[in-house]
Amino acid sequence: MLTPDQTERYLRHIVLKEMGAQGQQALLAARVVIVGAGGLGGPVLSYLAAAGVGRIAIVDDDAVELSNLQRQIHFQTEDVGAGKVERAAASARAINPTIEIEPVAARLDDANASDIIAGADLVIDGVDSFEARYALNRACMGARVPLLSGAIGRFDGVIGLFAPYEGDLPCYGCFMPGAPPREEVLNCAEEGVLGPVAGVVGTMMALEAVKRLAGIGPSLVGHLLLYEGLSNTARRVRLRRDPQCPHCAHVGRAHSTGSG
Ligand SMILES: [Zn+2]
């Protein structure tokens, strides 16, 4: 049962017939781990906190830098030098003090990934290194937790939701089998990124997260969402499992009708 305060806070969700009180209760019961408190993790955290996701962990070991503020609008100028997860958690608590926000000041790697994602209903990848992405992919497949991954560079972004064990479906490694050559890596520091692209793509990730947790809408699993900022357009494309993918070959899969 939602309390009167919860009913008022989440009223615009509850009146959506696809969501209703049942969908809102699913959000309140959910635990989400957001890895990366930067340009993508920031808008995801703000929207999931506002939406009433009951327990949210935010994981990052960086401090806020002056050059982050051009796109990471969950931080203030006075936050420069402070730990990102502490400031991000404070921002999210100010949006919604009725949920649990857990700041985790750590760099995710193979050694700690399984502990960090334990108990999550959904893991969100807004990290800036392929090492961390592959560690998250491994840990999420091991725990059979869906992984919502996003990346941005210059004017563009890409989002994927990976749950390979749910059918004959791809993992993150089927999409990106190995770290590309350094000169091809989309990297905000070296290539630049237009500030609002982070907000658009991070907000698209938040939308996919809320839909997944509330069980509404067609799933992004088995697809990629490609966003092009210069034309301001997005398209959804099918992503097939790579039968040769070394990352997910061992994963036990549910029988699928192939609808993806
Ligand atoms: Zn794979």
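The coordinates are above.
Residues numbered from 1 in each chain as written. Predicted model: local features only at pLDDT ≥ 70, side-chain atom pairs only at ≥ 80, totals over all residues.

Caption draft 1: Broad picture of the overall build of the protein chain. On a plain count of helices and strands, the protein chain comes out with ten helices and eight strands. Computed over its C-alpha atoms, the radius of gyration of the protein chain comes to 18 Å, within 12% of the 18 Å expected for a compact globule of 260 residues. Taking the principal axes of its C-alpha atoms as reference, the protein chain extends roughly 50 × 45 × 40 Å. Every one of the 260 residues in the protein chain was classed for burial, and the buried ones make up 43%. The long-range share in the protein chain, meaning contacts at least 24 apart out of those at least 6 apart in sequence, stands at 69%. (Helix = DSSP H or I, 4+ residues; strand = E, 2+ residues; numbered from the N terminus. Rg over C-alpha atoms; globule rule 2.2 N^0.38 Å. Buried ≥ 20, exposed ≤ 12 C-beta atoms within 10 Å, placed from the backbone. Contact = placed C-beta atoms within 7 Å.)

Caption draft 2: Inspection of the environment of Leu213 at higher detail. Note on placement: Leu213 falls in helix H10 (residues 195-214). With 23 C-beta atoms counted inside 10 Å, the residue Leu213 sits in the buried group. Taking the C-alpha atoms as reference points, Leu213 and Ala143, separated by 70 residues in sequence, lie 17 Å from one another. Residues in contact with Leu213, not counting those within four places in the same chain, are Ala26, Leu27, Ala30, Val53, Asp121 and Leu122.

Caption draft 3: Looking closely at unusual backbone geometry. You will see that Arg144, though not glycine, has its phi angle at about 55 degrees, which is positive. Within the secondary structure, Arg144 is located in the loop between helix H7 (130-143) and strand E5 (147-153). Even without a glycine there, the phi angle at Arg154 is positive, about 55 degrees. You can see Arg154 is positioned in the loop between E5 and strand E6 (156-162).

Caption draft 4: Main features of helix H4 (residues 41-51). Within H4, nine of the eleven residues are buried, which leaves the element mostly enclosed by the surrounding structure. Of the positions making up H4, those classed as buried are Gly41, Gly42, Pro43, Val44, Leu45, Ser46, Leu48, Ala49 and Ala51.

Caption draft 5: The arrangement of the nonpolar core in detail. Judged by nonpolar contacts, the single largest core of 68 residues is most densely connected at Val32, Ile34, Ile56, Ile58, Val123 and Ala209. Each residue touching Ile58, except ones within four places of it in the same chain, is listed here: Ile34, Ala37, Gly41, Leu45, Val85, Ala88, Ala89, Ile101, Pro103 and Val104. (Core = buried A, V, L, I, M, F, W, Y, C linked by C-beta atoms within 7 Å.)

Caption draft 6: Examining the packing of H4 against H10 more closely. Running from N to C, H4 and H10 cross one another at 40 degrees; their axes reach a closest spacing of 8 Å. On the basis of their axis angle, the class for H4 and H10 is oblique. Pair H4 / H10 crosses with right-handed handedness. Of the residues in H10, those in contact with Gly42, Pro43, Val44, Tyr47, Leu48 and Ala51 of H4 are Gly199, Gly202, Thr203, Met205, Ala206, Ala209 and Val210. Within the contact of H4 with H10, the residues separate by chemical class into nine nonpolar, four polar and no charged. (Axes fitted to C-alpha atoms, helices over the stretch in contact; angles between N-to-C directions. Parallel < 35°, antiparallel > 145°, perpendicular 65-115°, else oblique. Left-handed = near helix turned anticlockwise from the far one by under 90°. Nonpolar A, V, L, I, M, F, W, Y, C, P; charged D, E, K, R; others polar.)

Caption draft 7: Expanded view of the environment of Val59. The topology assignment puts Val59 in strand E2 (residues 55-59). Of the residues examined, Val59 has 29 C-beta atoms within 10 Å and is grouped as buried. Each C-alpha atom, one on Val59 and one on Arg87, is 12 Å from the other, the two residues being 28 residues apart in sequence. The contact partners of Val59, leaving out residues within four places of it in the chain, are Val33, Ile34, Val35, Val85, Val104, Ala106, Leu108 and Ile116.

Caption draft 8: How the structure looks around the packing of helix H3 (residues 20-29) against H10. One can describe the packing of H3 onto H10 by two numbers: an axis separation of 8 Å at closest approach and a directional angle of 105 degrees. In this view, H3 runs roughly perpendicular relative to H10, as classed from their interaxial angle. Here Gly23, Ala26 and Leu27 of H3 come into contact with H10, specifically with Val210, Leu213 and Ala214. Looking at side-chain class alone, the contact of H3 with H10 contains five nonpolar, one polar and no charged residues.

Caption draft 9: Layout of helix H5 (residues 84-95). Here H5 is twelve residues long and its end C-alpha atoms lie 17 Å apart, about the 16 Å a rise of 1.5 Å per residue gives. If you check which residues of H5 are buried, you get Lys84, Val85, Arg87, Ala88, Ala89, Ser91 and Ala92. Those residues of H5 that are buried are in contact with H4, E2 and strand E3 (100-104). (Expected span 1.5 Å × (residues − 1).)

Caption draft 10: Main features of the pairing of strand E8 (residues 233-238). Of all the six residues making up E8, zero are buried; the element is thus mostly uncovered. By the bridge criterion, six bridges tie strand E7 (residues 223-228) to E8 in an arrangement that is antiparallel. Paired with Leu226 across the two strands is Arg235, which belongs to E8. Hairpin connection, E7 to E8: the antiparallel pair is bridged by four residues, and Asn232 has positive phi, about 50 degrees. (Pairing = 2+ DSSP bridges.)

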